[in-house]
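Chain residues, written in single-letter form:
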2 protein chains.
Amino acid sequence: MQSQQDKDVTTMELSRRLLEAGLRPSVQRLAVLGDLCHHYDHPTVDTIYSRLQPQMPTLSKTTVYNILRVLCEAGLVRSLNIEYANQRFDGHLEPHDHFICTCCGRVYDLPHDRTAGLPSFEDLGLHVDREEVSYYGSCRECRGKQAR
Amino acid sequence: MQSQQDKDVTTMELSRRLLEAGLRPSVQRLAVLGDLCHHYDHPTVDTIYSRLQPQMPTLSKTTVYNILRVLCEAGLVRSLNIEYANQRFDGHLEPHDHFICTCCGRVYDLPHDRTAGLPSFEDLGLHVDREEVSYYGSCRECRGKQAR
DNA sequence: CTCTATCTTGTAATCATTACAACTTTAAAA
DNA sequence: TTTTAAAGTTGTAATGATTACAAGATAGAG
């Protein structure tokens, strides 16, 4: 997890990914995709917007919503669905699971421990494209606070 | 999955579960919990409300929200977090995974194939309480429609 | 340079969820 | 039984995320 390759990804590389997906590498798209690749905090729409807005005063939150939708559709980004939380986004595509602290809401990356690929449910008529594994519990920091 | 034991669960049994959790078995709570135990469709708040309202004309949607929150807190029900969908609820507590058809949005139950218990991430300082495994893809019915 | 499709933007609407305060019910005490 | 307090329910109003829509800006093709 958190190899340098994603944090160090260049604008040129991001641009290449967008073009490959048939999307124009606009400054807004590069900014949103870059934000997701350069952070590991699984941000909400609002977090992304707040981080980018100071550098791009004309950025609209609608644009962030639009861009996240097309990035998800293109498979350049994935969205997480977390209990009692807004939609969150993840720009790191290597297979990994998530741990959500039910106390502070932070999302941690975990190695994906399934050795085989996706399981097959074809006998049930279900064709699996992807899986999402989430663990819920408490992180060390929150348990420390509770102990006080 | 879908053993008869849950579909056939009696009001007395539901009442017992509520009392055991320290909750009064009000008619509203019995109705909401019963609806979740008698169906396998992982309903939304709105679906539950719509199913119960005809029999209980004074039922309030706020009550359904309140009840679902306390049932979740009591561990009598679990909530699912599904991409691009409202919160959904599941009254069947035996360990199982979910398959979500990204075409029709239906949620199917799947056997949980992990032989061991929950994995441990204590070395990372993370204490796991529960896991949620979701598979996304297309069901037979939707693939049939697309083929046309 | 012009045209057209693509992309961005802001405003207004929608819709799920929550806050809150009043009202009702229940269980237990007196 | 009556009283009382806690627990539970209800409706309305507020909140806040997300989407719809229409106008404006941009960029690549010809």
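Because the structure is predicted, anything quoted here is derived from the model rather than measured.

J.: Is there a simple way to think about the protein's contact with DNA strand C in this case?
T.: Near DNA strand C lie 17 residues; those nearest to it are Ser-26, Gln-28, Arg-29 and Thr-63 of chain A together with Tyr-65 of chain B. Among atoms of DNA strand C positioned within 4 Å of the protein, sugar and phosphate together represent 75%. Backbone polar atom of Arg-24 of chain A to a phosphate oxygen of DNA strand C: 3.2 Å apart, as the coordinates give it. In the environment of DNA strand C, a base oxygen lies 3.2 Å from a nitrogen or oxygen atom belonging to the side chain of Thr-62 of chain A. At the level of secondary structure, the elements contributing two or more residues to the surface near DNA strand C comprise helix H3 (27–38) and helix H5 (61–74) of chain A together with helix H5 (61–74) of chain B. Top contributing element to the surface near DNA strand C by residue count: H5 of chain A, with 4 residues.

J.: Just checking my understanding: could you explain the pattern of salt bridges for this structure?
T.: A pair can form between side chains of opposite charge whenever their charged atoms are brought close. Taken as a whole and assessed by the stated rule, the structure comprises 14 salt bridges over all chains. Arg-16 of chain A is the salt-bridge partner of Glu-13 of chain A, the closest N and O atoms lying 3.0 Å from each other. Taken as a pair, Glu-13 of chain A and Arg-16 of chain A lie in helix H2 (residues 11–20) at a separation of 3 residues, close to a single helical turn. Exposure remark for Glu-13 of chain A: the relative accessible area of 23% places this residue in the partly exposed category. The partly exposed category is assigned to Arg-16 of chain A, whose relative accessible area is 40%. Asp-41 of chain B serves as the salt-bridge partner of Arg-51 of chain B, at 2.6 Å between the closest nitrogen and oxygen. Of the two residues, Arg-51 of chain B sits in helix H4 (residues 45–52) while Asp-41 of chain B sits in the loop between helix H3 (27–38) and H4, which places them 10 residues apart along the sequence.

J.: Sorry if this is basic, but what is going on with the protein's contact with DNA strand D here?
T.: Lining the immediate surroundings of DNA strand D are 16 residues, of which Tyr-65 of chain A together with Ser-26, Gln-28, Arg-29 and Thr-63 of chain B lie closest. Looking at DNA strand D alone, sugar and phosphate atoms form 77% of those within 4 Å of the protein. Contact between DNA strand D and Ser-26 of chain B: a phosphate oxygen at 2.3 Å from a side-chain N or O atom of the residue. Note that a phosphate oxygen of DNA strand D is positioned 2.8 Å from one of the side-chain N or O atoms of Thr-63 of chain B. Among the elements of the structure, H5 of chain A together with H3 and H5 of chain B are those that each provide at least two residues to the surface near DNA strand D. Top element by residues in the surface near DNA strand D is H5 of chain B. It accounts for 4 residues. Class assignment of the residues belonging to the surface near DNA strand D gives a composition of 3 nonpolar, 10 polar and 3 charged.

J.: Please clarify how the relation of the copies chain A and chain B should be interpreted in this entry.
T.: The relation between the two chain copies is a rotation about an axis coupled with a shift along that axis. For the match of chain A to chain B, the screw axis carries a shift of 0.0 Å, the RMSD comes to 0.1 Å, and the turn is 180 degrees. Taken together, the rotation angle and the small translation identify this as a two-fold axis. Relative to the rotation axis, the closest C-alpha in chain A is found at Val-133 of chain A, a distance of 2.3 Å. Both copies present the same face, since 100% of the interface residues in chain A are matched by interface residues at the equivalent positions in chain B.

J.: What am I meant to see in the interface of chain A and chain B here?
T.: One widely used convention gives an interface's size as the accessible area the parts lose upon coming together. Every contact between the two is made by 35 residues of chain A and, on the other side, 35 residues of chain B. Summed over the shared surface of chain A and chain B, the result is 0 salt bridges. If you list the elements that add at least two residues to the side of chain A that touches chain B, you get strand S4 (107–111), strand S5 (127–138) and helix H6 (140–147) of chain A. Among the elements that make up the side of chain A that touches chain B, the one with the highest residue count is S5 of chain A (12 residues).

J.: It is not clear to me how the sheet that holds strand S3 (residues 96–101) of chain A should be interpreted in this structure. Could you clarify?
T.: The strands that make up a sheet pair up through hydrogen bonds in the backbone, lying either parallel or antiparallel. One open sheet holds the 6 strands; their spatial order is S4(A)-S3(A)-S5(A)-S5(B)-S3(B)-S4(B), and the pairing between them is mixed. Looking at strand neighbours, the two that pair on one side only are S4 of chain A together with strand S4 (107–111) of chain B, the edges of this open sheet. Averaged over all pairs of adjacent strands, the angle between their axes in this sheet comes to 30 degrees, without regard to strand direction. Two strands pair when backbone bridges link them, and S3 of chain A and S4 of chain A are joined in this way by 5 bridges, in the antiparallel orientation. Note that in S4 of chain A the partner of His-96 of chain A across the bridge is Pro-111 of chain A.

Parameters at a glance
- Residues numbered from 1 in each chain as written.
- Chains lettered and ligands numbered in written order.
- Predicted model: local features only at pLDDT ≥ 70, side-chain atom pairs only at ≥ 80, totals over all residues.
- Heavy atoms only, no water.
- Near = heavy atom within 4 Å.
- Polar contact = N/O pair within 3.5 Å; in protein donor to acceptor, adjacent residues only side chain to side chain.
- Helix = DSSP H or I, 4+ residues; strand = E, 2+ residues; numbered from the N terminus.
- Salt bridge = Lys/Arg side-chain N within 4 Å of Asp/Glu carboxyl O.
- Buried < 20%, exposed > 50% of the residue type's maximum accessible area, 1.4 Å probe, protein only.
- Nonpolar A, V, L, I, M, F, W, Y, C, P; charged D, E, K, R; others polar.
- Least-squares fit on C-alpha atoms with pLDDT ≥ 70 in both.
- Contact = heavy atoms within 4.5 Å.
- Pairing = 2+ DSSP bridges.
- Axes fitted to C-alpha atoms, helices over the stretch in contact; angles between N-to-C directions.

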